[in-house]
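The lines below spell out each chain.
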Amino acid sequence: MIAAFYEEWLQRRPGERRSLRRAGRLAQALGTTGPGVPVLTVVGSKGKGTAATYASAWIAAAGCRVVTVTSPALRSDTERIRVDGAVVSADELAALGARLRAAAGPPPRDRDGYLSPSGLFTLAGMLHARDVGAGAVVLEAGMGGASDEVSLFPPSVVAITEVFGEHLGVLGDTPAEIAAEKAGVATAATHSIVSLPQTPDVAAVIAATEVVTGLPDVPLPSGLGRRNAALGCVAAARLLEGMGRTAGDRLDAVLASVRLPGRTSWHTIPGAEVLVDSAISRAGAAAALTEAYRHWDRIDHVLVCLPDHKDVPGVLAELDGLPVTAVRMPDRESLRFTRTGAAVDAAGLTPARIAAFGRRVLVLGTGYFTGRILDVIDAPADRLFEA
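First, a word on what this report is: a plain description of the structure on this page. (Residues numbered from 1 in each chain as written. Predicted model: local features only at pLDDT ≥ 70, side-chain atom pairs only at ≥ 80, totals over all residues. Heavy atoms only, no water.)

Quick look at the overall build of the protein
Working step 1: Along the backbone of the protein there are 13 helices and 14 strands.
Working step 2: Seen along its three principal axes, the alpha-carbon backbone of the protein occupies a region of about 55 × 50 × 45 Å.
Working step 3: The contacts of the protein with a sequence gap of at least 6 include a subset with a gap of at least 24, amounting to 74%.
Working step 4: Carbon and sulfur atoms make up 51% of the accessible area of the protein, which totals about 16,000 Å².
Working step 5: Charge centroids of the protein, computed over 39 positive and 41 negative side chains, lie 3 Å from each other. (Helix = DSSP H or I, 4+ residues; strand = E, 2+ residues; numbered from the N terminus. Contact = heavy atoms within 4.5 Å. Areas by Shrake-Rupley, 256 points an atom, 1.4 Å probe, with all protein chains shown as cover. Lys, Arg positive; Asp, Glu negative; His and termini not counted. Charge placed at Lys NZ, Arg CZ, Asp CG, Glu CD.)

Concerning the pairing of strand β5 (residues 136-140)
Working step 1: Most of β5 sits inside the fold, with five of its five residues counted as buried.
Working step 2: Residue alternation in β5 divides its side chains into two sets, Ala136, Val138 and Glu140 and Val137 and Leu139, and both sets are buried.
Working step 3: Here four bridges tie strand β2 (residues 66-69) to β5, and the two strands are oriented parallel to one another. Bridge pairing links Thr68 to Val138 in β5. (Buried < 20%, exposed > 50% of the residue type's maximum accessible area, 1.4 Å probe, protein only. Pairing = 2+ DSSP bridges.)

Let's talk about the pattern of salt bridges
Pairs may arise between side chains of opposite charge once their charged atoms sit close together.
Working step 1: Applying the stated criterion to the full structure yields 19 salt bridges.
Working step 2: Arg13 is the salt-bridge partner of Glu16, the closest N and O atoms lying 3.6 Å from each other.
Working step 3: Asp297 serves as the salt-bridge partner of Arg298, at 3.8 Å between the closest nitrogen and oxygen.
Working step 4: Each of Asp297, Arg298, Asp300 and Arg360 takes part in a single network of salt bridges with overlapping partners. (Salt bridge = Lys/Arg side-chain N within 4 Å of Asp/Glu carboxyl O.)

Looking at the pairing of strand β7 (residues 192-195)
Working step 1: Burial of β7 is two-sided: the residues Ser192 and Val194 facing one way and the residues Ile193 and Ser195 facing the other way are all buried.
Working step 2: Alignment of strand β6 (residues 157-160) against β7, held across four bridges, turns out to be parallel. Residue pairing in the sheet places Val158 in a bridge with Ile193 of β7.
Working step 3: Inspection of the sheet shows β7 paired to strand β8 (residues 210-211) by two bridges, in the parallel sense. Each residue of the ladder has a partner; that of Ser195, found in β8, is Val211.
Working step 4: Chirality of the crossover, the property in question, places the unit of β7, helix α7 (residues 200-206) and β8 among those that are right-handed. (Right-handed = clockwise from strand over helix to strand, strands pointing away.)

Observations regarding helix α10 (residues 282-295)
Working step 1: The terminal C-alpha atoms of α10 lie 21 Å apart, and with 14 residues this matches the ideal 20 Å at 1.5 Å per residue to within 8%.
Working step 2: When we look at burial in α10, the residues that qualify are Gly284, Ala285, Ala287, Ala288, Leu289, Glu291 and Ala292.
Working step 3: Elements that come into contact with the buried residues of α10 comprise β9 (265-269), β10 (272-277), α11 (312-318) and β14 (360-365). (Expected span 1.5 Å × (residues − 1).)

Things to note about the packing of aromatic side chains
Working step 1: Here the structure, examined in full by the defined rule, presents three aromatic pairs.
Working step 2: A centroid spacing of 4.1 Å and a plane angle of 5 degrees characterise the contact between Phe5 and Phe121, whose relative ring orientation is stacked. Here Phe121 lies in helix α5 (residues 117-132) and Phe5 lies in the segment before α1 (7-10), a separation of 116 residues in the sequence.
Working step 3: The buried category is assigned to Phe5, whose relative accessible area is 1%.
Working step 4: Ring centres 6.0 Å apart and planes at 70 degrees place the aromatic pair Tyr6 and Phe121 in the edge-to-face group. Taken together, the residues span a long stretch of sequence, with Tyr6 in the segment before α1 and Phe121 in helix α5 at a distance of 115 residues.
Working step 5: Site record: aromatic cluster; members linked through ring pairs are Phe5, Tyr6 and Phe121. (Phe/Tyr/Trp six-rings, centres within 6.5 Å; stacked < 30°, edge-to-face > 60°.)

Quick notes on the sheet that holds strand β4 (residues 86-87)
Working step 1: Strand order in this open sheet of eight strands is β4-β3-β2-β5-β1-β6-β7-β8, and the pairing throughout is mixed. A single partner strand is all that each edge strand has here, and the edge strands are β4 and β8.

Describing the sheet that holds strand β12 (residues 324-328)
Working step 1: Pairing is mixed in the open sheet, where six strands are placed in the order β9-β10-β14-β11-β12-β13. Where the open sheet ends on each side, the last strands, each with one partner, are β9 and β13 (343-345). In this sheet, adjacent strand axes meet at a mean angle of 30 degrees when their direction is disregarded.
Working step 2: This element, α10, spans β9, β10 and β14 of the sheet and lies at about 150 degrees to β10.
Working step 3: Packed on one face of the sheet, helix α13 (residues 367-376) meets β9, β10, β11 (301-305), β12 and β14 and runs near 140 degrees to β14. (Axes fitted to C-alpha atoms, helices over the stretch in contact; angles between N-to-C directions.)

Structural notes on the side chain of Glu140
Working step 1: Inspection of the secondary structure assignment puts Glu140 in strand β5.
Working step 2: Within the buried core, Glu140 has no salt-bridge partner, and the shortest N-O distance to an opposite charge, that of Lys48, equals 4.6 Å.

Let's talk about the environment of Arg282
Working step 1: Note on placement: Arg282 falls in helix α10.
Working step 2: Overall, the relative accessible area of 40% leaves Arg282 in the partly exposed class.
Working step 3: Non-local contacts of Arg282, meaning those with residues more than four positions away in its chain, are made with Asp311, Gly314, Val315, Ala317 and Glu318.

Following this line, the structure appears as structure tokens:
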């Protein structure tokens, strides 16, 4: 019944958009609009998954069962809902899908939009949190904030990663308008809005109660993800403070156990070592190169998959002088891959073909691409930390 999450999206009419109103009515039918536990919602343009993971690990270290809902998945849709860092089973996800379908019923002919997959996974996560008796929930927003289904569940704490001009014309016409839309998840129930440093125009509309400029003295990842991890930690600490709890003596051990596939993650395949990172900007590519040269004396090849709306010129400039092969994803029909020049198809990549590029291969691109690579090389993604 996992197909239940995608049915309406696959059958959507030309020009039809997701319906937040219908999702809200479904949440009411499921009885999840008042989750009864504190919610921490992560919004922003990049780094939300890292922030959500570290927030969840911090909360779990306090002995509080935490359900985490993230988007998109890397290898399997079961990764979208986790309990204390571990994925739900395929059977559990299918059962949740069946309950959503039963509660939603057939889509009305005069509907004002479809029920989106990411929204349905969010609702399923809230339903599962109730089933397992979670003490807290961490929600990662999809593209937006106020327009995203996470806004149906008033957060106690909002964490905001860096906001920049991605999705211009969709969420807003300026970075400030995009930031206002994302920060719109906050409600009267929100006691803390924790943000990374932002540009002045973005900071003015966010009105954060706390800006994370330093790093907590706990185990954190290297590279660009370090700031996002710190944001998640501080946001989780504020959530626990509101609950009258602290992280406890196991905090360092739990945070040290965090593993984030596809975010400067290292993998060994027959004949090669592979570093996979979901970098989509010049700064991200630079950070990935720094991490690579911390372990390698050279990079034999770089595989890059970036659709046209990403920072293609910046990434390619950062990789200047290295052997680069562009990769396109033909199954992503809504995206164009023309700015990187001639490219190979992602569908044709195998462990042997990756190893043929050299013994030290750097893989960069969107989460959809790095997720496919992780699947190709059979990288574990079922547990993000040890609670």
